[in-house]
Amino acid sequence: MTQTTDAPVRETTAAASRSTSTSTFAKALNAALADAMEADASVLMFGEDVGVLGGVFRITDGLTARFGEERCFDTPLAEAGIMGMAVGMAMNGMKPVVEMQFDAFAYPAFEQVVSHVAKMANRTRGKVRLPIVIRIPYAGGIGGVEHHCDSSEAYYAHTPGLTVLAPATVRDAYVMLREAIASPDPVVFLEPKKLYWSKEDVDLAELRRTYDEGEAPRRIGRAVVARAGADATLITYGPSVPTALAAAAAAAEEGRSIEVIDLRSIVPFDDETVCESVRRTGRAVVVAEAPGFASVASEIVARVQERCFHSLAAPVLRVTGFDIPYPSPKLEHFHLPSVDRILDAVDSLQWED
Amino acid sequence: MSTATNEDRGRLMGEMPIGATEPTADTALLPSSTPVQLIDADGRHVHDDRYPLPDGESLLSAYGRLVTGRRINDQANALVRQGRMAVYPSSHGQEACQVAAAVVLDDQDWLFPTYRDTVAVITRGVDPLEVLTLLRGDWHGGYDPYEHRVATQATPLATQLLHAVGVAHAAKLRGESTVVLAMCGDGATSEGDFHEALNFAAVFHVPVVFFIQNNEFAISVPLKHQSVAPSLAHKAIGYGMPGERVDGNDLAALLSVLGIAVDRARDGGGPSLIEAHTYRMQAHTNADDATRYRSADDVERWVPRDPVLRMRTYLTALNLLDGDGERSFSDQADSIAAAIRNGLNLEVEVNPAELFEYVYAEKTSQLREQAEQLREELARDAAGAGEQPGDGTEGDTP
């Protein structure tokens, strides 16, 4: 707990200016899968429409053609079946990556996830570990109809035994998926759908080299300072990171220096980086799309107040989705955390005292 | 190819059922109209063209395991009554299924048992004390699944059937000749995972034998409330795999039918579904009161069909078993029961630090903190107990 100064600060586009190409978030995920499958014959990819079609979001594009139907294949349309089969394959030496087509369509697999995926290592005193990656296109902001926009992270984060990741940048998408596949533990890998087509200057071949040679800093369990600041901390992850960064940029124009922490890893949670920031700034707002009640955001607030109480100048606030079923496309913008709502929360952090 | 092609499916649909002598139409996937029986309740051989009677030596050896299985059930029940185990779901009356499921498999095969299949797990070779760890309450599982290729005993219903499909599929991809035998009860056939497992197994054409022990009850609910299918084995044709029904109290028939299904799976014939008709002679567990939902007469009707008695009658009539042989099997069963009794009478030291040990390959910082918190609490308690021995009732003082 003495380590306070080496929280990683995100590489900026300028720092990566050597790179010669751009990549989307989706392309980075695709490259991570391909590179992992090339590096390790026990890595398999399966799910619904992930074969010839390449996934409804094209994340598995070309994998069947390149690695064959034994390595990337379509299953019958049954999520519990996919998950249960992954358990057996992982028991028998494979490293399955499964795709749940959409967040809310992962629920039929919930029993397999909670009762077996998460518990097998503990049940067998570590004899059977399940290196499964459960890829879930998740959250909203894409104008999706019902059952296509749920923020389901709390269900998984509340289940001991699961690692829960939510990347927000193209680089993290690549490196975190490689880390997830290499992890001996089961990982729920939440892919913010609205970021699939976001772009960064990044050379994927170079990124692969840095990962393969162990030069890429570890992401699982490590939050990152996405934007440095001094006056208040926004703590966020996944789809809300760009919104929080936009809010910080807007605040800067008004003369407020806002730090943004991108958690990246919900479980394990990086108390150290979060608390170091909040103790320094003295003010914090947690930003997340999911309904706020009994959420990951609630947990973060509780942790920060337990650990940073004497450094706080104001209560830790939350900007989250309302406690309602995810709204229809024309109504979703009322529900999602927005720059204005975040700035309002920041404004109410008792600055005048 | 990881999935069955149309050509595969065509071949599948025309494939011979378990034990069939010649292929017919799709109806060849249907089970026999009555359960296959090779030794009747009076201990007499019943001829069946499709299913050969196992040789005397195999039957005698399996009978020895049957006697041991019965003794394990009786011993475990007694240990629950004595407070040495938390609970025991007995397979009393179903021991023929338990023994057959274990002995038809080779070393490289996998067994996927349920919570009621303790006898099958022990018959497969797992140390009884390690098996009973779960029910004694020391930990949620006591044996290494890889040691004898026996999955943990599943408590959620039918979920393990999908794991069996995955294990088989992985083995198939690597070109191994592993067969997986996956057990479930009649109640579990109502679960979605049962359906998904059979469908996945058929589509991926994997070497799994699904083995239903239909003991007529899911705790209190009789089979007629689970399914109105002609039999549970009839469900197989819906997935494009053969189904078969067998007298679940006839060890000889079970060995023959399951043995052929395992051979078929090993030879690349794909999955099949076997339903054994048997009866749960005792309550669901010691915590259950079976008199609330069935009469003593119902149970009484199954007493003459007892699997142990039937084999003893058959083997004795053929002079394969005599008093000495019976005593030898009985002594063997006694020694295993004694080992269980002695083992479970020992106080096992549980280690609370283990609670945090296996959740992740590497403890999270949160779990490290919590483990430390518990360690400090226990150290304080121990120090307090050392200074001032209490009678353990302080907490009740208002």
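Along each chain, the written sequence defines residue order, and numbers are assigned to residues from 1. Here the convention is simple: chains get letters from A, ligands get numbers from 1, in the order in which they are written. Side-chain atom pairs in this predicted model are given and counted only at pLDDT of 80 or more, local residue features only at pLDDT of at least 70, and totals for whole chains, interfaces and linings cover all residues. The side-chain values count all of the structure's non-hydrogen atoms but skip hydrogen atoms and water molecules.

**Student:** So what's going on with the overall build of chain B? Residues and values would help.
**Tutor:** Helix and strand definitions here come from DSSP, where helices need a minimum of 4 consecutive H or I residues and strands a minimum of 2 consecutive E residues; each element is numbered from the N-terminal end. A tally of regular secondary structure across chain B gives 14 helices and seven strands. For 398 residues, the compact-globule estimate of 2.2 N^0.38 gives 21 Å, and chain B sits close to it at 23 Å. Projected onto its principal axes, the C-alpha coordinates of chain B cover approximately 80 × 55 × 40 Å. In chain B, of all internal contacts separated by at least 6 residues, the share reaching a separation of at least 24 is 75%. Accessible surface, chain B as shown: approximately 17100 Å² in total, 50% of it carbon and sulfur. Placing the 33 positive and 59 negative side-chain charges of chain B at their respective mean positions leaves the two points 3 Å apart. Radius of gyration means the value over C-alpha atoms here, while the globule rule gives 2.2 Å times the residue count to the 0.38 power. Here, residues are in contact when the closest pair of their heavy atoms is within 4.5 Å. Here the accessible surface of atoms and residues is derived via Shrake-Rupley with a 1.4 Å probe, and residues count as covered only by protein chains that are part of the display. Charged residues are defined here as Lys and Arg on the positive side and Asp and Glu on the negative side; His and the ends of the chain fall outside this count. For charged residues, the charge sits on one atom: NZ in Lys, CZ in Arg, CG in Asp, CD in Glu.

**Student:** Can you break down helix 11 (residues 296-308) of chain A residue by residue, with the values?
**Tutor:** Residues and elements named next belong to chain A. Here a helix's expected span is defined as the number of its residues, less one, multiplied by 1.5 Å. Its 13 residues place the ends of helix 11 18 Å apart at the C-alpha level, agreeing with the 18 Å of an ideal helix rising 1.5 Å per residue. Relative accessibility thresholds used throughout: buried, under 20% of the residue-type maximum; exposed, over 50%; partly exposed, between the two (1.4 Å probe, protein chains only). Among all positions of helix 11, only Val-296, Ala-297, Ile-300, Val-301, Arg-303, Val-304 and Cys-308 are buried. The buried residues of helix 11 occupy one face: seen down the axis, they fall within an arc of 165°. Between the side-chain oxygen of the N-cap and the backbone nitrogen of Ala-297 there are 3.2 Å, and the N-cap of helix 11 in question is Ser-295. The arc in question is the one spanned by the directions pointing from the helix axis to the C-beta atoms. Counted as a polar contact is a pair of N or O atoms within 3.5 Å, where, for protein atoms, one must be capable of donating a hydrogen and the other of accepting one, and residues adjacent in sequence contribute only when both atoms are in side chains.

**Student:** Before we move on, could you go through the interface of chain B and chain A and cite the residues and values that matter?
**Tutor:** Chain B puts 44 residues into the contact, and the matching count from chain A is 49 residues. By convention, the term buried area covers the 1.4 Å-probe accessible surface removed from two parts as they join, with the contributions of both added. Interface area for chain B against chain A, summed over the two sides, is near 3800 Å², with a carbon-plus-sulfur share of 58%. By definition here, a salt bridge exists when the distance from a side-chain nitrogen of Lys or Arg to a carboxyl oxygen of Asp or Glu is within 4 Å. Counting across the chain B and chain A interface gives two salt bridges. Residues Glu-369 of chain B and Arg-307 of chain A are paired through a salt bridge, measuring 3.0 Å at the closest nitrogen-oxygen approach. Linking chain B to chain A there are 19 residue pairs in polar contact (both at pLDDT 80 or more).

**Student:** Tell me about the domain arrangement of chain A, residues and numbers included.
**Tutor:** All names here are of chain A. Domain delimitation follows an automatic or database domain assignment. When its domains are assigned, chain A resolves into domain 1 (22-212) and domain 2 (224-347). Its C-alpha centre places domain 1 at a distance of 26 Å from the equivalent point of domain 2. Counting residues at the interface gives 25 residues for domain 1 and 21 residues for domain 2. For the pairing of domain 1 and domain 2, the buried interface totals around 1700 Å² over both sides, and the portion due to carbon and sulfur atoms is 60%. Per-residue buried area on domain 1 facing domain 2 is highest for Glu-153, Ala-166 and Lys-194; these three make up 21% of the total on that side. Here domain 1 is connected to domain 2 by one salt bridge. The salt bridge partner of Arg-264 is Asp-172, with a shortest N-O separation of 3.3 Å. On the surface where domain 1 and domain 2 come into contact, there are 10 residue pairs in polar contact (both at pLDDT 80 or more). Those elements giving two or more residues to the side of domain 1 that touches domain 2 turn out to be helix 6 (153-157), strand 6 (163-165) and helix 7 (170-182).

**Student:** Help me get a handle on the environment of Ile-342 of chain A, residues and values and all.
**Tutor:** All names here are of chain A. Within the fold, Ile-342 resides in helix 13 (residues 339-347). By relative accessible area, which is 0% here, Ile-342 ends up buried. Measuring from C-alpha to C-alpha, the distance between Ile-342 and Ala-168 comes to 18 Å, with 174 residues separating the pair along the chain. Excluding residues that lie within four positions of it along the chain, Ile-342 makes contacts with Leu-234, Thr-243, Ala-244, Ala-247, Val-287 and Val-319.

**Student:** Break down the packing of helix 10 (residues 271-281) of chain A against helix 11 of chain A for me, citing the residues and quoting the values.
**Tutor:** Residues and elements named next belong to chain A. Contact geometry for helix 10 and helix 11: axes closest at 10 Å, N-to-C directions at 60°. Looking at the two axes, helix 10 sits oblique to helix 11. Seen along the crossing, helix 10 lies across helix 11 with a hand that is right-handed. Residue-level inspection shows Asp-271, Val-274, Cys-275, Val-278 and Arg-279 of helix 10 in contact with helix 11, the latter providing Arg-303, Val-304, Arg-307 and Cys-308. Lys, Arg, Asp and Glu make up the charged group, whereas Ala, Val, Leu, Ile, Met, Phe, Trp, Tyr, Cys and Pro make up the nonpolar group; the residues left over, Gly among them, are polar. Residues belonging to the contact of helix 10 with helix 11 are distributed by class as follows: five nonpolar, no polar and four charged. Axis definition: a line fitted to C-alpha atoms, over the contacting stretch in the case of helices. Angles run 0 to 180 degrees between N-to-C directions. In these notes the angle categories are as follows: under 35 degrees is roughly parallel, over 145 is roughly antiparallel, 65 to 115 is roughly perpendicular, and the rest is oblique. What makes a crossing left-handed is the near helix being turned counterclockwise from the far one by less than a right angle; a clockwise turn instead makes it right-handed.

**Student:** So, the pattern of salt bridges: which residues are in play, and what are the values?
**Tutor:** Residues and elements named next belong to chain A. Following the criterion strictly, the structure yields 42 salt bridges over all chains and no others. Measuring nitrogen to oxygen at the nearest pair gives 3.6 Å for the salt bridge that ties Asp-185 to Arg-129. One end of the pair, Asp-185, is in the loop between helix 7 and strand 7 (187-192); the other, Arg-129, is in the loop between helix 5 (120-123) and strand 5 (133-138), with 56 residues separating them in the sequence. One salt bridge connects Glu-191 with Arg-135, and the closest N-O pair in it is separated by 2.5 Å. With Glu-191 in strand 7 and Arg-135 in strand 5, the pair connects residues that are 56 residues apart, well separated along the chain. With respect to burial, Glu-191 and Arg-135 carry one shared label: buried. Within the structure, one salt-bridge network assembled from shared partners comprises Asp-35, Glu-38, Arg-66, Arg-178, Arg-208 and Asp-212.

**Student:** How would you explain a negative patch on the surface if you had to name every residue and give the values?
**Tutor:** All names here are of chain A. Where like charges cluster on the molecular surface, the negative patch consists of Asp-49, Glu-69, Glu-70 and Asp-74. Looking at the element boundaries, Asp-74 is found in strand 3 (residues 72-74). Judged by its relative accessible area of 31%, Asp-74 is partly exposed. Patch definition: residues with relative accessible area over 30% and no salt bridge; like charges joined within 9 Å; nonpolar side chains (Val, Leu, Ile, Met, Phe, Trp, Tyr) joined within 5 Å.

**Student:** Lay out the pairing of strand 14 (residues 317-321) of chain A in plain terms, naming residues and giving numbers.
**Tutor:** Pairing analysis gives four bridges linking strand 13 (residues 284-291) of chain A to strand 14 of chain A, with the strands arranged parallel. Opposite Val-287 of chain A, over in strand 14 of chain A, you have Val-319 of chain A as the bridge partner. When DSSP finds at least two bridges between two strands, those strands are taken to pair.

**Student:** Describe the domain arrangement of chain B, listing the residues and the values that go with them.
**Tutor:** We note that the domain assignment places domain 1 (6-345) and domain 2 (352-387) within chain B. Here domain 1 of chain B and domain 2 of chain B have C-alpha centroids that lie 41 Å from each other.

**Student:** How would you sum up unusual backbone geometry? Please name residues and give values.
**Tutor:** All names here are of chain A. In this structure, the amide linkage connecting Val-267 to the following residue, Pro-268, adopts the cis form with an omega of -5°. Along the chain, the position of Pro-268 falls in the loop between strand 12 (265-267) and helix 10. Of note, Ala-139 is a non-glycine position whose phi angle comes to about 70°, a positive value. Position of Ala-139 relative to the elements: it lies in the loop between strand 5 and helix 6. Classification of Ala-139 by relative accessible area gives buried; the value is 0%. If you check the backbone angles, Ala-294 has positive phi at about 55° while not being a glycine. Mapped onto the fold, Ala-294 is located in the loop between strand 13 and helix 11.

**Student:** Could you give an account of the environment of Leu-204 of chain A, with specific residues and numbers?
**Tutor:** Residue and element names in this part refer to chain A. Mapped onto the secondary structure, Leu-204 falls in helix 8 (residues 204-212). Once the C-alpha coordinates of Leu-204 and Lys-27 are considered, the two residues, 177 residues apart in sequence, prove to be 9.0 Å apart. Setting aside residues up to four positions removed in sequence, Leu-204 forms contacts with Ser-23, Lys-27, Ala-28, Ala-31 and Tyr-174.

**Student:** Requested: an account of the sheet that holds strand 4 (residues 95-99) of chain A, with residues and values cited.
**Tutor:** Within a sheet, neighbouring strands are paired by backbone hydrogen bonds and run either parallel or antiparallel to one another. Residues and elements named next belong to chain A. Ordered in space as 3-2-4-5-7-6-12, the seven strands form an open sheet in which the pairing is mixed. A single partner strand is all that each edge strand has here, and the edge strands are strand 3 and strand 12. Recorded for the sheet is a direction-independent mean angle of 20° between the axes of neighbouring strands. As paired elements, strand 2 (residues 43-47) and strand 4 share five bridges and run parallel to each other. Note on strand 4: the bridge partner recorded for Phe-46 is Val-98.

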